[in-house]
Amino acid sequence: MAASVNTTNGMRSMLQFMKLIGQLKRVPRTGWVYRKVKEPESVSDHMYRMAMMSMTITDPTVDRDRCIKLALVHDMAECIVGDIAPSDNISKEEKHRREEEAMGHLSNLLPNGLRQEIYALWEEYESQSSAEARLVKQFDLLEMILQAHEYEQEESAPGRLQEFFDSTDGRFHHPDVVEFVKCLNEERQSQVKTTDKTSQTS
């Protein structure tokens with residue numbers, strides 16, 4: 001009987017966990033909201049493409065599966081605290097404190113082994129203590145500027161979100177990421193030039 005009760009309680013906690021992280025589908029990315037982007041992506045949209053970036057990395061010196069897990073966990077606390085942006089005037093220390101508290105609550109809903117794993121992954125990303133965490137941080141920034149580029153395309157407003165690109169200057173180091181950013185910038189610049197030529201001839 002005790003085992004059945006424990007199993008039921010465990011599943012109730014898991015249900016609560018899944019409902020909480022489901023909120024990430026409804027938390028818009030704050031940077032896009034502040035820039036008045038129409039129908040901005042959610043935090044889970046952002047995390048999903050980061051996970052796909054992690055899955056497609058071919059570098060044998062990093063643990064690809066660990067990168068995927070880090071991508072899926074790194075913004076998990078935002079289902080409770082929201083997406084806190086630099087312009088919200090909340091210190092890094094306070095942001096970390098809120099997210100740490102949220103991760104404690106979330107992980108406590110999980111079975112012991114998984115509880116420790118998820119919390120440790122979040123701490124690893126926060127402290128940037130591994131090659132995988134540092135690579136996933138670059139994916140975080142890469143996904144942001146790729147999304148910015150796509151919004152510029154959707155709005156036919158090349159260059160409108162330049163500040164997001166500027167914020168990543170000097171922050172990409174992995175050769176595969178650097179090459180991807182180069183391709184992205186080349187595509188973006190060609191569209192800016194095309195728009196400039198069109199406006200000059202109209």
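Residues numbered from 1 in each chain as written. Predicted model: local features only at pLDDT ≥ 70, side-chain atom pairs only at ≥ 80, totals over all residues. Heavy atoms only, no water.

Quick word on the overall build of the protein
Formally: Elements are defined by DSSP. Helices are runs of H or I of four residues or more, strands are runs of E of two residues or more, and each kind is numbered from the N terminus. Only protein chains enter the accessibility calculation, which uses a 1.4 Å probe. A residue is then buried if its area is under 20% of the maximum for its type, exposed if over 50%, and partly exposed in between. Here a residue-residue contact requires only that any non-hydrogen atoms of the pair lie within 4.5 Å. Note on areas: Shrake-Rupley, 1.4 Å probe, and residue coverage restricted to the protein chains presented here. When charges are counted, neither His nor the chain ends are considered; positive counts come from Lys and Arg and negative counts from Asp and Glu. To locate a charge, take atom NZ for lysine, CZ for arginine, CG for aspartate or CD for glutamate.
Regarding its fold elements, the protein presents 10 helices and 0 strands. Across the protein, helices and strands are ordered from the amino to the carboxyl terminus as α-α-α-α-α-α-α-α-α-α. When its C-alpha atoms are laid out on the principal axes, the protein stretches across 80 × 40 × 30 Å. Burial status across the protein gives 40% buried among its 202 residues. Sequence separation of at least 24 residues holds for 67% of the intrachain contacts in the protein that already meet a minimum separation of 6. For the protein, the exposed area adds up to about 11,600 Å²; of that, 54% sits on carbon and sulfur atoms. Of the charged side chains in the protein, 25 are positive and 34 negative, and the gap between their average positions amounts to 4 Å.

A look at the side chain of Gln138
Applied cut-off: Between N or O atoms, a polar contact is any pair within 3.5 Å; within protein, one atom must be a potential hydrogen donor and the other a potential acceptor, and residues adjacent in sequence are included only when both atoms are from side chains.
As for its placement among the helices and strands, Gln138 is situated in helix α8 (residues 131-155). A relative accessible area of 9% means that Gln138 is categorised as buried. Only 2.7 Å separates the side chain of Gln138 from the backbone nitrogen of His173, close enough to count as a polar contact.

Quick notes on the UniProt feature "domain: HD" (unreviewed entry) in the protein
Our working rule: UniProt positions are given in the numbering used here, feature names are shortened, and annotations may be inferred rather than shown by experiment.
Those residues carrying the UniProt feature "domain: HD" (unreviewed entry) are residues 43-145 in this numbering. In this annotation, residues 43-145 is assigned 73% helix and 0% strand; the end-to-end C-alpha distance for the span is 15 Å.

Re the pattern of salt bridges
Note the cut-off: We define a salt bridge as a side-chain nitrogen of Lys or Arg found within 4 Å of a carboxyl oxygen belonging to Asp or Glu.
Following the criterion strictly, the structure yields 13 salt bridges and no others. Lys95 serves as the salt-bridge partner of Glu99, at 3.0 Å between the closest nitrogen and oxygen. Here Glu99 and its partner Lys95 are both found in helix α6 (residues 92-107), 4 residues apart, which amounts to about one turn of the helix. Of the charged contacts in the structure, one is a salt bridge between Arg160 and Glu155, with a shortest N-O distance of 2.6 Å. Its relative accessible area of 32% is what places Glu155 among the partly exposed residues. Each of Glu94, Arg97, Arg98 and Glu101 takes part in one network of salt bridges that share partners.

Examining a nonpolar patch on the surface
Put simply, the test is: Note that patches include only residues with greater than 30% relative accessible area and no salt bridge, and the join distances are 9 Å for like charges and 5 Å for nonpolar side chains (Val, Leu, Ile, Met, Phe, Trp, Tyr).
Among the surface-exposed residues, Tyr48, Met52 and Met55 lie close enough to one another that they form a single nonpolar patch of about 310 Å² accessible area. With respect to the secondary-structure elements, Met52 resides in helix α3 (residues 43-56).

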